[in-house]
Amino acid sequence: MPDFASTYLTDVRLRLEKLRATAEGAVAQCSDASFTASPDAETNSIALTIKHIAGNLNSRFSEFIVSDGEKPDRHRDDEFILMPRDTREALMQRWSDAWDLMLRAVVALTPGDLERTLTIRGEQHTVVAALNRNLVHLAYHIGQIVQLAKHYAGPGWRTLTIARGASETYNAAPSTDAAKPTRGDAR
């Protein structure tokens with residue numbers, strides 16, 4: 001039987017991979033116009049949320065554990081400004097690179113690493129606390145991405161989870177392909 005630490009590391013990696021697939025499935029359903037659209041002046045576009053997540057992951061997981069998770073070269077406020085160089089292709093490449101960096105760092109962790117201490121903005125965290133903080137942060141922003149993508153897709157939206165009215169069918173055979181929800185292109 002695996003120990004709790006090994007189980008946790010496996011689960012956190014799987015949760016992160018699912019969050020990534022969910023966000024990418026939503027983004028795949030966006031036109032270029034909806035990728036950069038913002039419903040109002042105080043709401044970030046999908047593009048800005050992608051840019052912010054990439055900046056956050058690069059800062060947190062570069063030299064993970066051994067240096068402060070808030071790197072001196074990170075300019076967080078700039079993550080909320082769309083620059084001419086921030087094309088969809090460029091932002092999605094930064095996104096992909098940042099997720100790959102984070103997942104490599106998580107995969108490299110051993111059960112013994114979970115109680116180690118690291119620093120984020122000068123504040124001490126265990127590795128478990130830092131991973132949980134990251135998971136919550138990502139879930140928050142990925143929910144925003146999905147909500148905006150769904151809004152802009154309108155009736156053309158392909159659900160990324162169990163479709164409305166399909167719970168009983170799914171619950172009756174959750175491991176069969178016939179019971180799986182219609183999914184957007186997650187990769």
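Structure: see above.
Residues numbered from 1 in each chain as written. Predicted model: local features only at pLDDT ≥ 70, side-chain atom pairs only at ≥ 80, totals over all residues. Heavy atoms only, no water.

Turning to the overall build of the chain, a few remarks are in order. In terms of helices and strands, the chain carries six helices and two strands. The N-to-C order of helical and strand elements in the chain reads α-α-α-α-β-β-α-α. Relative to a compact globule of 187 residues, whose C-alpha radius of gyration would be 16 Å, the chain shows 18 Å and is just as compact. Dimensions of the chain, computed from C-alpha atoms along their principal axes, come out at roughly 50 × 45 × 25 Å. Residues classed as buried in the chain amount to 40% of the 187 residues present. Restricting the contact set of the chain to residue pairs at least 6 apart, pairs at least 24 apart contribute 71%. (Helix = DSSP H or I, 4+ residues; strand = E, 2+ residues; numbered from the N terminus. Rg over C-alpha atoms; globule rule 2.2 N^0.38 Å. Buried < 20%, exposed > 50% of the residue type's maximum accessible area, 1.4 Å probe, protein only. Contact = heavy atoms within 4.5 Å.)

Within the structure shown, the criterion is met by 12 salt bridges. The shortest N-O distance in the salt bridge between arginine 60 and glutamate 70 comes to 2.6 Å. One end of the pair, arginine 60, is in helix H3 (residues 46-61); the other, glutamate 70, is in the loop between H3 and helix H4 (88-108), with 10 residues separating them in the sequence. Glutamate 70 shares its class with arginine 60; the two are buried. Here the salt bridges do not stand alone but share partners, grouping Arg60, Glu70, Arg74, Glu79 and Arg121 into one network. (Salt bridge = Lys/Arg side-chain N within 4 Å of Asp/Glu carboxyl O.)

The two faces of strand S1 (residues 117-120) differ: Leu118 and Ile120 on one face are buried, but Thr117 and Thr119 on the other face are not. The hairpin formed by S1 and strand S2 (residues 123-126) contains two residues between the paired strands, and arginine 121 there has a positive phi angle of roughly 55°. (Pairing = 2+ DSSP bridges.)

Before going further, it helps to examine helix H5 (residues 127-153). In an α-helix there are 3.6 residues to a turn, and that puts residues three or four apart on one side. The terminal C-alpha atoms of H5, which comprises 27 residues, lie 38 Å apart, in line with the 39 Å expected from a rise of 1.5 Å per residue. Here H5 has its buried residues at Val127, Ala130, Leu131, Asn134, Leu138, His141, Ile142, Ile145, Val146, Leu148 and Ala149. Buried-residue contacts for H5 involve helix H1 (4-27), H3, H4, S1 and S2. Phi for glycine 154, located one or two positions after H5, is positive at around 60°. (Expected span 1.5 Å × (residues − 1).)

Our next topic: the nonpolar core. The tendency in soluble globular proteins is for nonpolar side chains to be buried as a group. Membership of the largest hydrophobic core comes to 45 residues, with the highest contact counts inside it found for Trp99 and Leu131. Secondary-structure elements contributing two or more residues to this core are H1, H3, H4, S1 and H5. The element that contributes the greatest number of residues to this core is H4, accounting for 10 residues. When neighbours within four sequence positions are excluded, tryptophan 99 is seen to be in contact with Leu16, Leu19, Arg20, Ile53, Leu57, Leu138 and Ile142. (Core = buried A, V, L, I, M, F, W, Y, C linked by side-chain atoms within 4.5 Å.)

What follows concerns the side chain of serine 45. Relative to the assigned elements, serine 45 resides in the loop between helix H2 (32-36) and H3. Of note is the side chain of serine 45, whose polar atom sits 3.1 Å from the backbone nitrogen of leucine 48. Look past the residues within four positions of serine 45 in its chain and what remains in contact with it is Phe35, Thr36, Ala37, Ser38 and Leu148. (Polar contact = N/O pair within 3.5 Å; in protein donor to acceptor, adjacent residues only side chain to side chain.)

Our focus in this paragraph is H4. End to end, H4 covers 30 Å across 21 residues, agreeing with the expected 30 Å (1.5 Å per residue, within 8%). Of the surrounding secondary structure, the elements contacted by the buried residues of H4 are H1, H2, H3 and H5.

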